[in-house]
Amino acid sequence: MMRKQKIIILINLIFVFAACGDSENSSTPQPTIKENWYTTTKVTKNTYSIAEPKSSQRNVSYLIVGDEKAIMFDTGSGENSGQDGTKMIYKLKELTSLPITLLLSHFHFDHNQNIGEFKKVAFPDVPFLKQKVINGTYNFTAEDLFIGNYPKNVTVNEWLPIKTDIDLGNKKIQIINIPGHTSESVAIIDTTDKIAFLGDYLYNGELFLFDVDDINKYKESVDYLLSILDINYRLFGAHGTPEVSFNKLKDLQEFLKCIQESICTGVKEKYSGYNTLLYKNNDLSIRIFI
Ligand SMILES: [Zn+2]
């Protein structure tokens, strides 16, 4: 996306943040405030959706717990006050005492705001990311974050292999790269319990693409997802109501094909002052910056 577009959207979203009434600096812990910020729901045995219904982006993160270790998928919005000196770890400690590895669904600002609370951060082992890690440190760019300038960087403690079984202890998951929303976007596929965590690739809400060419990447990713998943899989997204119907994924494939072939047409619409194309059908809304 063009830089000037980002700036305008930044202004727009800062307004949303302000409207939430949380004016604190996100890096300042508030140790003594009790809160009821998260809505935690068991997705299945030892797997939890951790939603932030009061956050400006209605974030949902996921804690996937095996018998030996746990994976946290995203770190929340950071807009809450926190408890016991942390904004997210305090909640996770209520759910597991096992070591937790953090994996980000992608690098946008609204998925990594509590990253500093995690001792162990894993990246997906994709070559273009590995090339950018210098002496174990990844520096986030303005484009990565989309909005804001936090976090500046992170120490990458582990590289998780792609399309390979990862055993958490009686629970096997796979990480897959699903470009479209961003190039580094990943999904976690829990093959033991047949659950797919899709991040911002697909959730219940308007989907965003930041370049017209990303339609082709989005379509390739949905083709791949549908080649490895079946109707028995439950799907979960990173915003809004957590669970997404499997039919929505199939609908996305058809809709992207229709857009690619210029059979489905979008409506030109100003969004935060800039030009977008909005494609809608009964089930999906896809906005592309042009
Ligand atoms: Zn997001």
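Residues numbered from 1 in each chain as written. Predicted model: local features only at pLDDT ≥ 70, side-chain atom pairs only at ≥ 80, totals over all residues. Heavy atoms only, no water.

With that out of the way, let us pick up the packing of aromatic side chains. For the structure shown, the criterion picks out 15 aromatic pairs. Judged by centre distance (6.2 Å) and plane angle (50°), the ring pair of Y38 and Y90 falls under tilted. Taken together, the residues Y38 in the loop between α1 (3-19) and β1 (39-44) and Y90 in helix α2 (residues 89-93) connect sequence positions 52 residues apart. Both residues of the pair, Y38 and Y90, belong to the buried class. Centroid distance F107 to Y138: 5.2 Å. Interplanar angle 50°. Geometry classified as tilted. Here F107 is found in the loop between β5 (100-103) and β6 (121-124), whereas its partner Y138 is found in strand β7 (residues 137-139), with 31 residues between them in sequence. Its relative accessible area of 2% is what places Y138 among the buried residues. (Phe/Tyr/Trp six-rings, centres within 6.5 Å; stacked < 30°, edge-to-face > 60°. Helix = DSSP H or I, 4+ residues; strand = E, 2+ residues; numbered from the N terminus. Buried < 20%, exposed > 50% of the residue type's maximum accessible area, 1.4 Å probe, protein only.)

Along its 15 residues, helix α5 (residues 214-228) runs 21 Å from first to last C-alpha, staying within 8% of the 21 Å computed at 1.5 Å per residue. Burial in α5 covers these residues: D214, I215, Y218, K219, S221, V222, L225 and L226. Each buried residue of α5 lies within a common arc of 165° when the element is viewed along its axis, so the set occupies one face. Residues of α5 that are exposed and point over 90 degrees away from its buried face: E220 and S227. (Expected span 1.5 Å × (residues − 1). Arc of directions from axis to C-beta.)

This part takes up the side chain of K248. Of note, K248 is situated in helix α6 (residues 246-260). With no salt bridge to any partner, buried K248 finds its closest opposite charge in D283, at an N-O distance of 4.0 Å. Apart from residues no more than four positions distant in its own chain, K248 is found in contact with L202, Y203, N204, D283 and L284. (Lys, Arg positive; Asp, Glu negative; His and termini not counted. Salt bridge = Lys/Arg side-chain N within 4 Å of Asp/Glu carboxyl O. Contact = heavy atoms within 4.5 Å.)

The next point concerns the coordination of the zinc ion. For the zinc ion, the full set of protein donor atoms is D110 (OD), H111 (NE2), D200 (OD) and H239 (NE2), at a range of 2.0 to 2.4 Å. Within one chain, the residues donating to the zinc ion are spaced in sequence as D-H-x88-D-x38-H. Note that D110 is positioned in the loop between β5 and β6 and H239 in the loop between β15 (234-236) and β16 (243-244), a separation of 129 residues in sequence. With relative accessibility at 7%, the residue H239 sits in the buried group. (Donors = N, O, S within 2.8 Å, 3.2 Å for Na, K, Ca; no water.)

Further remarks concern the pairing of strand β11 (residues 172-177). Strand direction decides the pairing type here: strand β10 (residues 166-167) and β11, joined by 2 bridges, are antiparallel. Opposite I166, over in β11, you have I173 as the bridge partner. The hairpin formed by β10 and β11 contains 4 residues between the paired strands, and G169 there has a positive phi angle of roughly 100°. In this structure, β11 lies alongside strand β12 (residues 186-190), joined through 5 bridges in antiparallel fashion. Residue pairing for β12: I173 is matched across the bridge by D190. (Pairing = 2+ DSSP bridges.)

Looking now at the pattern of salt bridges. Note on pairing: side chains with opposite charge can pair once their charged atoms come close. Under the defined criterion, the tally for this structure stands at 12 salt bridges. Across the pair K217 and D214 runs a salt bridge whose closest N-O atoms are separated by 3.4 Å. Of the two residues, K217 and D214 both sit in helix α5, 3 residues apart, roughly one turn of that helix. Taking relative accessible area as the criterion, K217 reaches 40% and is therefore assigned partly exposed. Given the relative accessible area of 11%, D214 is considered buried. Among the ionic contacts, a cluster of salt bridges with common partners joins K171, D190 and D193.

If you trace the 7 strands from one edge of the open sheet to the other, you get β1-β2-β3-β4-β5-β6-β9, paired in mixed fashion. The two strands at the open ends of the sheet, each matched to only one other strand, are β1 and β9 (158-160). Neighbour to neighbour, the strand axes of the sheet diverge by 30° on average, direction disregarded. The sheet contact formed by β6 and β9 spans 3 bridges and is parallel. Bridging across to β9, P124 finds its partner in L160. (Axes fitted to C-alpha atoms, helices over the stretch in contact; angles between N-to-C directions.)

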